[in-house]
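# Coordinate analysis (summary)
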Amino acid sequence: MFFDTHAHYDSGAFNLDRFEILDSMPEGRVGLIVNPGCDLESSKTALEIAERYGFVYAAVGWHPEDIDKLSEESFAELEKLALHPKCVAIGEIGLDYYWDQEHKDEQKALFRRQIELALRLDKPVIVHDREAHADSMEIVLDYPGLRGVFHCFSGSREMAAELLKRGWYLGFDGPITYKNARRAIEVLEVCPMDRIVIETDSPYLTPVPNRGKRNDSRQLEYVVGKIADVKGLSAEYVEEMTFENGKRLYNIGDVNV
Ligand code: NI
């Protein structure tokens, strides 16, 4: 069974067939999914989906790209959502200097505020770090008790080593199957098997051979296949290990899948 540790089924890209696709997950060998939120509305929808499907869990959080929608009122509501029994993490949160160079200070303040929320609730975080490696590291290293995952990890081997030393997990997605994936493959080579989690980031980041189409969790076999190739392991072993890693990362107990 596959564990998609990061997929956005609240996205408008699934408006026409969301439930049809989610209904088909067990027969597509997808046993668990975590759906992170990006703002108040998407966090609410993520929890609604998690209430409907036993194998779906949610994370609630405010994505740096959506910072313009933030208000004190909505943040207070988000904090309440984080207490929901199916909320397993705070995410996705972090820094994105690719989309927005203008509000670095605001992004950093929001990131810290949500890390502090995660620590108060004793939950892991799902970090989005796009072209902001140095600042992301500076912030997470300020909180020694913090744990979680760097989603769609795009940093260097050195950065990976720092995070792994501190107990973090690294998320790998469709881009590892792309021809130009040199850096992610280098990280994968040195990342221990017990710290790798697999993700789709659906509807985005569709792996080869379906690149360009909408992504969903049933495409994880291509991510697993690539990891198996790079590590010289069987796909079955990678599938099983990453499933257990995801459960450990999000503190999800044994599930009937
Ligand atoms: Ni995402």
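Provided above is the structure to which this section pertains.
Let us look at the structure shown here. (Residues numbered from 1 in each chain as written. Predicted model: local features only at pLDDT ≥ 70, side-chain atom pairs only at ≥ 80, totals over all residues. Heavy atoms only, no water.)

With that settled, consider the pairing of strand β4 (residues 87-96). A large share of β4 lies buried, amounting to ten of its ten residues. Relative to β4, strand β3 (residues 56-60) runs parallel, the two sharing three bridges. Bridging from a neighbouring strand, A58 pairs with C87 of β4. Both β4 and strand β5 (residues 125-130) contribute to a ladder of five bridges, which runs parallel. Residue pairing in the sheet places G94 in a bridge with H128 of β5. A crossover links β4 with its parallel partner β5, the connecting element being helix α4 (residues 104-121), and its sense is right-handed. (Buried < 20%, exposed > 50% of the residue type's maximum accessible area, 1.4 Å probe, protein only. Helix = DSSP H or I, 4+ residues; strand = E, 2+ residues; numbered from the N terminus. Pairing = 2+ DSSP bridges. Right-handed = clockwise from strand over helix to strand, strands pointing away.)

Let us look at the coordination of the nickel ion. Distances from the nickel ion to its protein donors, H6 (NE2), H8 (NE2), E92 (OE) and D201 (OD), fall at 2.1 to 2.2 Å. Classification of the site at the nickel ion as irregular follows from its four donor atoms and the range of 80 to 172° in their angles at the metal. Linear spacing of the donor residues for the nickel ion on their chain is H-x1-H-x83-E-x108-D. Taken together, the positions of H8 in the loop between β1 (2-4) and α1 (18-23) and E92 in strand β4 put the pair 84 residues apart, joining distant regions of the chain. Accessibility expressed as a relative area gives 2% for E92, which makes it buried. (Donors = N, O, S within 2.8 Å, 3.2 Å for Na, K, Ca; no water. Tetrahedral: all angles 85-135°; square planar, octahedral: opposite > 155°, others 65-115°.)

This brings us to the environment of K226. With respect to the helices, strands and loops of the structure, K226 is situated in helix α8 (residues 220-231). Each C-alpha atom, one on K226 and one on R183, is 14 Å from the other, the two residues being 43 residues apart in sequence. Setting aside its immediate chain neighbours within four residues, K226 contacts I176, T177 and I185. (Contact = heavy atoms within 4.5 Å.)

Here the focus is the packing of helix α7 (residues 182-190) against α8. Contact geometry for α7 and α8: axes closest at 9 Å, N-to-C directions at 65°. For the pair α7 and α8, the crossing hand works out as right-handed. Contacts between α7 and α8 pair I185, L188, E189 and V190 from the former with K226, I227, V230 and K231 from the latter. Looking at the contact of α7 with α8, its residues break down into five nonpolar, no polar and three charged. (Axes fitted to C-alpha atoms, helices over the stretch in contact; angles between N-to-C directions. Left-handed = near helix turned anticlockwise from the far one by under 90°. Nonpolar A, V, L, I, M, F, W, Y, C, P; charged D, E, K, R; others polar.)

Here the focus is the nonpolar core. Formed by 69 residues in total, the largest nonpolar core has its most connected members in Y9, I33, V140, F150, L163 and L170. Other than its neighbours up to four places away in sequence, I33 contacts F3, D4, A7, Y9, L22, M25, F55, V56, Y57 and S217. Of all hydrophobic cores here, the second largest spans 15 residues; its members include L32, A59, I126 and Y169. (Core = buried A, V, L, I, M, F, W, Y, C linked by side-chain atoms within 4.5 Å.)

What follows deals with the pairing of β3. Residues in a regular strand point their side chains to alternate faces of the sheet. For β3, a buried count of five out of five residues is recorded, marking the element as mostly surrounded by other parts of the structure. Here β3 shows a buried face lined by V56, A58 and V60 and a second buried face lined by Y57 and A59. Note: strand β2 (residues 30-36) against β3, four bridges, orientation parallel. Across the sheet, N35 pairs through a bridge with A58, a residue of β3.

In this section: the packing of aromatic side chains. Applying the stated criterion across every chain, the model contains eight aromatic pairs. Ring centres of Y9 and F14 lie 4.8 Å apart, and the angle between their planes is 45°; this geometry places the pair in the tilted category. Pair check on accessibility: Y9 and F14 agree, each one buried. Between the NZ or CZ atom of K86 and the centre of the ring of Y57, over which it lies, the distance is 4.5 Å. Directly above the ring of Y98 sits R130, whose terminal nitrogen or CZ lies 3.7 Å from the centroid. (Phe/Tyr/Trp six-rings, centres within 6.5 Å; stacked < 30°, edge-to-face > 60°. Lys NZ or Arg CZ within 6 Å of the ring centre and 35° of its normal.)

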